[in-house]
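Residue-level listing of the chains:
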Amino acid sequence: MSTTTTLRRKGSVSRRQARAGIALVSPSVIIVLVLVVLPILWTVMLAFQDVRLIQIRRANLFGNYTLDNFINVLTSEALWSSLGTTLTYSVLGTGGAIVVGLMAALALRNAFRGRTLVRAAMLLPYVSPVVAAAFVWKTMLNPQFGVVNAWGTGALGWDQPVSFLTTRTSDVEILGLTIPVPTALFTVIAFEIWRTFPFVFLFVTARLLAVPKSIEEAARMDGAVPTQMFRHIILPQLLPTIAVLSVLRFIWTFNNFDDVYLLTGGGAGTEVVSVGVFNYLIGRGDIGSASAQALVLAAILTVMVLIYMKFAVKDEEVA
Amino acid sequence: MTVMKETPIRPSSPAARPPRKRHFSRDVAETKLFRILRWLVIVGLLVVTVFPFYYMITLSVRDIGSLISDPARIWPNLAEISFDAYTSVLASVADGGQGFTGFIITSGLVALGTVALTLLIAIPGAYAVSRLQFFGRRQISALFLAVYLFPSILLAVPLFVFFTRLGLRGAVGVLLVVYVSQTIAVSIFMLRNYFQTIPESLEEAAALDGLGRIGTMLRISLPLAGPAIMSNALFVFMIAWNEFLFALLFLVEDRDKWTVSLGLAQLSGSLEVPTTVLMAGSVILTLPIIILFFGSERLLSEGLTAGSDK
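Residues numbered from 1 in each chain as written. Chains lettered and ligands numbered in written order. Predicted model: local features only at pLDDT ≥ 70, side-chain atom pairs only at ≥ 80, totals over all residues. Heavy atoms only, no water.

A.B. asks: How would you explain the overall build of chain B if you had to name every residue and give the values?
C.D. replies: Scanning chain B for helices and strands turns up 15 helices and zero strands. Here chain B, with 310 residues, has 53% of them falling under the buried criterion. (Helix = DSSP H or I, 4+ residues; strand = E, 2+ residues; numbered from the N terminus. Buried < 20%, exposed > 50% of the residue type's maximum accessible area, 1.4 Å probe, protein only.)

A.B. asks: An account of the overall build of chain A is needed here, citing residue identities and associated values.
C.D. replies: If you tally the helices and strands in chain A, you get 13 helices and two strands. Across the 319 residues that make up chain A, the buried fraction comes to 54%. For chain A, contacts bridging at least 24 residues in sequence account for 63% of all contacts bridging at least 6. Of the accessible surface of chain A, which amounts to about 14700 Å², a share of 65% is contributed by carbon and sulfur atoms. (Contact = heavy atoms within 4.5 Å. Areas by Shrake-Rupley, 256 points an atom, 1.4 Å probe, with all protein chains shown as cover.)

A.B. asks: Run through the pattern of salt bridges, naming residues and quoting values.
C.D. replies: Within this structure, the stated rule accounts for 10 salt bridges over all chains. Here A:Arg109 makes a salt bridge to A:Glu216, at a shortest N to O gap of 2.8 Å. Here the residue A:Arg109 occupies a position in the loop between helix 3 (77-107) and helix 4 (115-122), and A:Glu216 occupies one in helix 9 (residues 213-221), the gap between them amounting to 107 residues. Per residue, the accessibility class of A:Arg109 equals that of A:Glu216, and both read buried. Between B:Arg73 and B:Glu80 there is a salt bridge; the shortest N-O distance is 3.1 Å. On the basis of relative accessible area, B:Glu80 is assigned to the buried category, the value being 17%. (Salt bridge = Lys/Arg side-chain N within 4 Å of Asp/Glu carboxyl O.)

A.B. asks: Got a sec to walk through helix 14 (residues 275-295) of chain B? Specific residues and values, please.
C.D. replies: Residues and elements named next belong to chain B. Counted at 1.5 Å a residue, the expected span for helix 14 with its 21 residues is 30 Å, and the 29 Å between its end C-alpha atoms agrees. In the structure, helix 14 departs most strongly from a straight axis at Thr286, where the bend amounts to approximately 35 degrees and where the proline Pro288 lies between one and four residues downstream. Counting buried residues in helix 14 gives 15 out of 21 residues, a clear majority hidden from the surface. (Expected span 1.5 Å × (residues − 1). Bend = angle between axes of the 7 residues up to and from the residue.)

A.B. asks: So, a nonpolar patch on the surface: which residues are in play, and what are the values?
C.D. replies: All names here are of chain A. On the surface, Ile30, Leu33, Val34, Leu38 and Leu41 cluster together into a nonpolar patch covering about 450 Å² of accessible area. Secondary-structure assignment places Leu33 in helix 1 (residues 2-47). Owing to a relative accessible area of 36%, Leu33 belongs among the partly exposed residues under this scheme. (Patch = residues over 30% accessible without salt bridge, like charges linked within 9 Å, V, L, I, M, F, W, Y side chains within 5 Å.)

A.B. asks: Can you tell me about the interface of chain B and chain A, naming the residues and giving the values?
C.D. replies: Residue-level contacts link 113 residues of chain B with 107 residues of chain A. When chain B packs against chain A, close to 9500 Å² is buried across both sides, 79% of that on carbon and sulfur atoms. Applying the counting criterion to the chain B and chain A interface returns one salt bridge. Summed over the shared surface of chain B and chain A, the result is 10 residue pairs in polar contact (both at pLDDT 80 or more). In terms of residue class, the side of chain B that touches chain A is made up of 79 nonpolar, 21 polar and 13 charged. (Buried area = accessible area lost by both parts, 1.4 Å probe. Polar contact = N/O pair within 3.5 Å; in protein donor to acceptor, adjacent residues only side chain to side chain. Nonpolar A, V, L, I, M, F, W, Y, C, P; charged D, E, K, R; others polar.)

A.B. asks: I'd like a rundown of the packing of helix 12 (residues 273-283) of chain A against helix 7 (residues 152-166) of chain B, residues and numbers included.
C.D. replies: Orientation of helix 12 of chain A relative to helix 7 of chain B, taken along the N-to-C sense of each, is 15 degrees, at an axis distance of 9 Å. One way to sum up the angle between helix 12 of chain A and helix 7 of chain B is to call them roughly parallel. As helix 12 of chain A runs across helix 7 of chain B, the sense of the crossing is left-handed. Taking contact as the criterion, the partners of A:Ser274, A:Val277, A:Leu281 and A:Ile282 in helix 12 of chain A are, on helix 7 of chain B, B:Ile153, B:Ala156, B:Val157 and B:Phe160. The class makeup of the residues in the contact of helix 12 of chain A with helix 7 of chain B is seven nonpolar, one polar and no charged. (Axes fitted to C-alpha atoms, helices over the stretch in contact; angles between N-to-C directions. Parallel < 35°, antiparallel > 145°, perpendicular 65-115°, else oblique. Left-handed = near helix turned anticlockwise from the far one by under 90°.)

A.B. asks: I'd like to hear about the nonpolar core, residue by residue, with values.
C.D. replies: If you look at the biggest cluster of nonpolar residues, it comprises 194 residues, and the most contacted ones within it are A:Tyr308, B:Phe144, B:Phe246, B:Leu249 and B:Phe250. Counting contributing residues per domain, this core is built from domain 1 (10-89) and domain 2 (93-306) of chain B, each supplying no fewer than three. When near neighbours in sequence (up to four residues on either side) are disregarded, B:Phe246 contacts B:Ser152, B:Leu155, B:Ala156, B:Leu159, B:Leu175, B:Val178, B:Tyr179, B:Gln182 and B:Leu251. If you look at the next biggest cluster of nonpolar residues, it comprises five residues, including A:Ile215, A:Ala219, A:Ala224 and A:Ile233. (Core = buried A, V, L, I, M, F, W, Y, C linked by side-chain atoms within 4.5 Å. Domains from an automatic or database assignment.)

A.B. asks: Explain the environment of A:His232 to me, using residue names and the numbers behind them.
C.D. replies: Residues and elements named next belong to chain A. Locating His232 in the fold gives a position in helix 10 (residues 226-254). On the accessibility criterion, His232 (11% relative accessible area) is buried. Residues His232 and Glu216 lie 16 residues apart in sequence; the distance between their C-alpha atoms is 9.9 Å.

A.B. asks: Explain the packing of helix 3 of chain A against helix 8 (residues 183-209) of chain A to me, and be specific about the residues and the numbers.
C.D. replies: All names here are of chain A. Closest axis-to-axis distance for the helix 3/helix 8 pair is 6 Å, and the angle between their directions is 40 degrees. By the angle between their axes, helix 3 is oblique relative to helix 8. Here the hand of the crossing between helix 3 and helix 8 comes out right-handed. Classifying every residue of the contact of helix 3 with helix 8 by side-chain character gives 19 nonpolar, seven polar and one charged.

A.B. asks: Describe unusual backbone geometry, naming the residues involved and giving the relevant values.
C.D. replies: Residues other than glycine seldom take positive phi values, yet A:Ala268 does so here, at roughly 55 degrees. Considering the arrangement of structural elements, one finds A:Ala268 in the loop between helix 11 (258-263) and helix 12.

A.B. asks: Would you mind going over the confidence of the model for chain B in detail, with residue names and values included?
C.D. replies: Residue and element names in this part refer to chain B. Confidence in the prediction of chain B, expressed as mean pLDDT, is 82, and 88% of residues score 70 or more. Across chain B, element-level confidence peaks in helix 12 (residues 245-251) with a mean pLDDT of 93 and bottoms out in helix 1 (residues 2-6) with 41. For the stretch residues 1-16, pLDDT sits under 50, and the model shows 18 contacts to residues farther than four places along the chain or on other chains. (pLDDT = per-residue confidence, 0-100.)

A.B. asks: Explain the pairing of strand 2 (residues 177-181) of chain A to me, and be specific about the residues and the numbers.
C.D. replies: Residues and elements named next belong to chain A. Where strand 1 (residues 170-174) lies against strand 2, five bridges are found, and the strand directions are antiparallel. The residue bridging Glu173 from the neighbouring strand is Thr178, located in strand 2. Connecting the antiparallel pair strand 1 and strand 2 is a turn made up of two residues, with Leu175 showing a positive phi of about 55 degrees. (Pairing = 2+ DSSP bridges.)

A.B. asks: Go over the confidence of the model for chain A, please, and point to the residues and values.
C.D. replies: Chain-level statistics for chain A give a pLDDT mean of 84 and a share of 90% at 70 or above. The low-confidence segment residues 1-7 of chain A, where pLDDT is below 50, has zero contacts with residues more than four positions distant or belonging to other chains.

A.B. asks: Any details on helix 6 (residues 137-149) of chain B? Residues and values, ideally.
C.D. replies: In a regular helix each residue adds 1.5 Å, so 13 residues correspond to 18 Å; helix 6 of chain B covers 19 Å between its end C-alpha atoms and thus fits that length. Within helix 6 of chain B, burial applies to B:Ile140, B:Ser141, B:Phe144, B:Leu145, B:Val147, B:Tyr148 and B:Leu149.

A.B. asks: Provide a residue-level description of the packing of aromatic side chains, including the pertinent values.
C.D. replies: Overall, the coordinates contain 29 aromatic pairs over all chains when judged by the stated rule. Pairwise contacts between aromatic rings join A:Tyr126, A:Phe199, A:Phe203, A:Trp252, B:Tyr148 and B:Phe189 into one cluster. (Phe/Tyr/Trp six-rings, centres within 6.5 Å; stacked < 30°, edge-to-face > 60°.)

Structure representation (structure tokens):
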């Protein structure tokens, strides 16, 4: 008898708990459903309709469905070249941020006077508003009065100022070879690395705190030199963190809009897909094509999110 | 720890161990090299991260003429330091300025409103997801993670179209709601992780003392989560204050409604406003974030490792 009463009591407690849980979580769920999930579904429908910004008030659920947008988007040279640009941008941006962030975390691992301040300074590019950061970079790189070109043509003896953000490619001579370098693209990648390496730095620093010193001391007793310590002791312990960070950074860099739009507006060979979506939407007022291109982006993104979730299950710390 | 088992420390196996003496010198050489490299990296990174902000400040107190005639000089002459750029950028358009005072008010209201609304909605949500058993809990958690990873550019098209159709696109309130929808997922994520670290025995004790679920949440869990909520609030403020894309999509047509980010981005495209004046605008845009950040560096970096922006 006592078991049945406890069971019943337990049942009502868990029912009450379930009710409280749903009540507490539903405002969040409703907002996310209405402003994130439904809009994404709506994008799918818009992508199959011929909708222009000017006749937006006539657009509805039961318009004429068509594949034209996808045909336009997928057969246009622009999409494929911008996908290539986006890929270069994300791979180099992510890789650079990981390498620089890792170096920063290792360099700042051991305490010294003023380390707290240096650590805080490292985070500046990441926390500061992207619009202000992009504007300062644009000014620094300005061919007429930017400090980079002033020093380049002055102290470094460049022949002429380089307009970093509007030059598609420039030839650089190394060892007698002339190599075309995508100037503007590399500049936006440098900006991306500058802005996001602190993110990697933070996570790697946090992970390094958990690396027990005793193993390193033991290895040191066994005669391991610094490079071996890094290769065989520190790096293996950081690898899961680095893997998760790479996927996470890649996802966000792949879809980054602000940085490229603010620096170049997508010109000079820097048109990444997200800037392309924006240009379809605002520049041409072609909602259907903008949606179709956004969906292409979303499809790629979904694959990456699934990869991330797979990693994150193994390594919960960064989630 | 499992990693350690898979990677034997090679030098400890006798065959791989190089002769003692050569090894010793390699060790010394490497240690010296890394000591130098370490300082090069530190100084290099410090210059690279701090210089743009230093440059921003010096330009904001210089005259545009002096900048154009001597762009290589990176410090202002004492005689030329002036704060005219600040008065000019803050003054209203009617007074011949750029109207940044109005932008600051808009940005501040939107950011504070986003923080308040997000916390109000996300705290109970996070508590429920971390503590209470209910149907669909895991799916909801997964939904929030997916939303958190989804970038805003994908929402740009449908939200733009939707609010244009409703005729509400220019409303500041709509922007605020969109911001809340963007920050809620990451908030729930950060707070959920924190709630999970509070020992359940504490809450059970409170329940034994006769506190109900909501009472336990309000009196026990919330006060304990205070620091986490604070860092989450800072983080949400930072996202909303810095945000650019949705402000651009929603508010660009009406200058009176611009946020600081949007105002700076729009004006930097025009040739009429001197760069030094806009640099003053950049300082104004950046300063609140830097003050918040240095005022609570520990809190915020904890917040940043718990979540991230897009």
